[in-house]
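The chain contents come next:
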Amino acid sequence: MSDPKHQSFQFKQFTVFQDRCAMKVGTDGVLLGAWASGGSTCLSHRRRILDIGTGTGLIALMMAQRFPDALIDAIEIDRDAAEQACENVSASPFADRIRVMEISLQEYAERMSVQGDCFCKYDAIVSNPPYFVNSLKNPDKFRAIARHTDTLSFRQLMKGVSCLLSDDGVLSVVLPTSCQGELENEAVISGFSKTCEVKIRTKEGKTFKRCLMSFCRQIPTTVLREEVCMMDTDNQRSYWYRELTKYFYL
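This text gives an overview of the structure that appears in the document. If you're wondering where the values come from, they're calculated on a predicted model, not measured in any experiment.

## Some remarks on the overall build of the protein
Right, on to step 1. In terms of helices and strands, the protein carries 8 helices and 11 strands.
Right, on to step 2. In the protein, which comprises 250 residues, the proportion classed as buried is 51%.
Right, on to step 3. A separation threshold of at least 6 residues defines the contact pool for the protein, and within that pool the share at least 24 residues apart is 70%.
Right, on to step 4. Here the protein displays about 12,300 Å² of accessible surface, and carbon together with sulfur accounts for 52% of that area.

So, in structure tokens, the structure goes:
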């Protein structure tokens, strides 16, 4: 639950403070953190997961809770958000498995590419990316950076993912459905295929507002598709939403 006085959000196993972050804890981040693939299940090595644009650190923390054998790197371009994510991680039970870095995806991908074969690529990458392309910007410049594609376009996102994701790795994202086609086009250009799609509406009869998607380099025999509602007709969380988030929400 949220604590307006202290600008924090309490989950079952960790607390997220967010007073210094432009983008607060929201439904999109919770959905992605609870749904995203953790990548390889091979027992011969630990998973390596990258969270692009970690913000408060929420998704990185959720992935650490879900995958106790994983090592998570979380990158964030905004200094205040990166510092707060570090603090949230340090206060969590997963501090020894999450590393937060203040760096852009473009710079991080370039830095890792220099290492060549010495760099161990990620089994999974997760991102709740900026998605506004040609819309009026928020007067809060830090919130604008977090939500607009000026600092990270879909093409730049997929270029970075292509550099950092292992050959059999999985990219998982959450986006408004209005941006879905554009990201899918950039994924194809970068050599990725969609493997799973979950279209989400608030309740029955409403239009779909957001979409969870996963991509990999291999062409799947079938694409898993699902259409779900977050709320029942009585305005309570739907069975799907309750089951997805039951290990996180109080």
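The rest of the description comes next.
## Section: the pairing of strand E8 (residues 165-176)
Right, on to step 1. Burial within E8 is extensive, with 10 of its 12 residues counted as buried.
Right, on to step 2. By the bridge criterion, 5 bridges tie strand E7 (residues 122-127) to E8 in an arrangement that is parallel. Bridge pairing in E8 links Val126 to Ser172.
Right, on to step 3. Of the strand pairs in this sheet, E8 and strand E10 (residues 208-216) are connected by 6 bridges, and their pairing is antiparallel. Considered in E10, the bridge of Val173 is made with Met213.

## Thoughts on the sheet that holds E7
Right, on to step 1. Read across the sheet, 8 strands follow the order E6-E5-E4-E7-E8-E10-E9-E11 without closing on themselves; strand pairing throughout is mixed. Taken across any chain shown, the strands that pair with only one partner, and hence form the sheet edges, are strand E6 (98-102) and strand E11 (224-229). Mean inter-strand twist for the sheet, computed between neighbouring axes without regard to direction, equals 15°.
Right, on to step 2. By the bridge criterion, 5 bridges tie strand E5 (residues 71-76) to E6 in an arrangement that is parallel. Counted as the bridge partner of Ile75 is Met101 from E6.
Right, on to step 3. Of the strands in this sheet, E5 and E6 are in contact with helix H3 (residues 79-90), which crosses E6 at around 165°.
Right, on to step 4. Contacting E8, strand E9 (193-201) and E10, helix H7 (residues 180-189) crosses the sheet at an angle of about 10° to E10.

## Describing the pairing of E9
Right, on to step 1. With 8 of 9 residues buried, E9 lies mostly within the body of the structure.
Right, on to step 2. Looking at chain direction, E9 and E10 are connected through 8 bridges and run antiparallel. By the bridge assignment, Ile200 is partnered in E10 with Arg210.
Right, on to step 3. The antiparallel pairing of E9 with E10 creates a hairpin that spans 6 residues between the two strands, and Gly205 there sits at a positive phi of about 95°.
Right, on to step 4. Where E9 meets E11, 6 bridges bridge the pair, whose relative direction is parallel. When the sheet's bridge partners are listed, Arg201 is paired in E11 with Cys229.

## A closer look at the pattern of salt bridges
Opposite charge on two side chains lets them pair, provided their charged atoms get close.
Right, on to step 1. Counted according to the given criterion, the structure contains 14 salt bridges.
Right, on to step 2. With a closest N to O distance of 3.4 Å, Arg48 and Asp73 form a salt bridge. Residue Arg48 is located in strand E4 (residues 48-52), and its partner Asp73 is located in strand E5; the two are separated by 25 residues in the primary sequence.
Right, on to step 3. Here Asp73 ties to Arg99 by a salt bridge, and the two come within 2.9 Å at their closest N and O atoms. Taken as a pair, Asp73 in strand E5 and Arg99 in strand E6 lie far apart in primary sequence, 26 residues in all.
Right, on to step 4. A single network of salt bridges, built from pairs that share partners, joins Glu184, Lys194, Glu197 and Arg225.

## What about H7?
Right, on to step 1. Every buried residue belonging to H7 is among Gln180, Leu183, Glu184, Glu186 and Ala187, and all of these are buried. Projection of H7 onto a plane perpendicular to its axis shows the buried side chains occupying an angular sector of 165°, all on one side. Structural note: H7 exposes Asn185, Val188 and Ile189 on the side pointing more than 90 degrees away from its buried face.
Right, on to step 2. Elements that come into contact with the buried residues of H7 comprise helix H6 (154-164), E8, E9 and E10.
Right, on to step 3. Once H7 ends, the next one or two residues include Gly191, with phi positive near 90°.

## Some remarks on the packing of aromatic side chains
Right, on to step 1. Counted by the stated rule, this structure contains 7 aromatic pairs.
Right, on to step 2. Arranged with centres 6.1 Å apart and planes meeting at 90°, the rings of Tyr241 and Tyr249 form a pair that is edge-to-face. For the residue pair Tyr241 and Tyr249, the accessibility class agrees, reading buried in each case.
Right, on to step 3. Three or more aromatic residues joined by ring pairs make a cluster, and in this case those are Phe9, Phe11, Phe14, Phe94, Trp240, Tyr241 and Tyr249.
Right, on to step 4. One residue, Arg48, lies across the ring of Tyr122, its end atom 4.4 Å from the ring centre.

Conventions and cut-offs
Residues numbered from 1 in each chain as written. Predicted model: local features only at pLDDT ≥ 70, side-chain atom pairs only at ≥ 80, totals over all residues. Heavy atoms only, no water. Helix = DSSP H or I, 4+ residues; strand = E, 2+ residues; numbered from the N terminus. Buried < 20%, exposed > 50% of the residue type's maximum accessible area, 1.4 Å probe, protein only. Contact = heavy atoms within 4.5 Å. Areas by Shrake-Rupley, 256 points an atom, 1.4 Å probe, with all protein chains shown as cover. Pairing = 2+ DSSP bridges. Axes fitted to C-alpha atoms, helices over the stretch in contact; angles between N-to-C directions. Salt bridge = Lys/Arg side-chain N within 4 Å of Asp/Glu carboxyl O. Arc of directions from axis to C-beta. Phe/Tyr/Trp six-rings, centres within 6.5 Å; stacked < 30°, edge-to-face > 60°. Lys NZ or Arg CZ within 6 Å of the ring centre and 35° of its normal.

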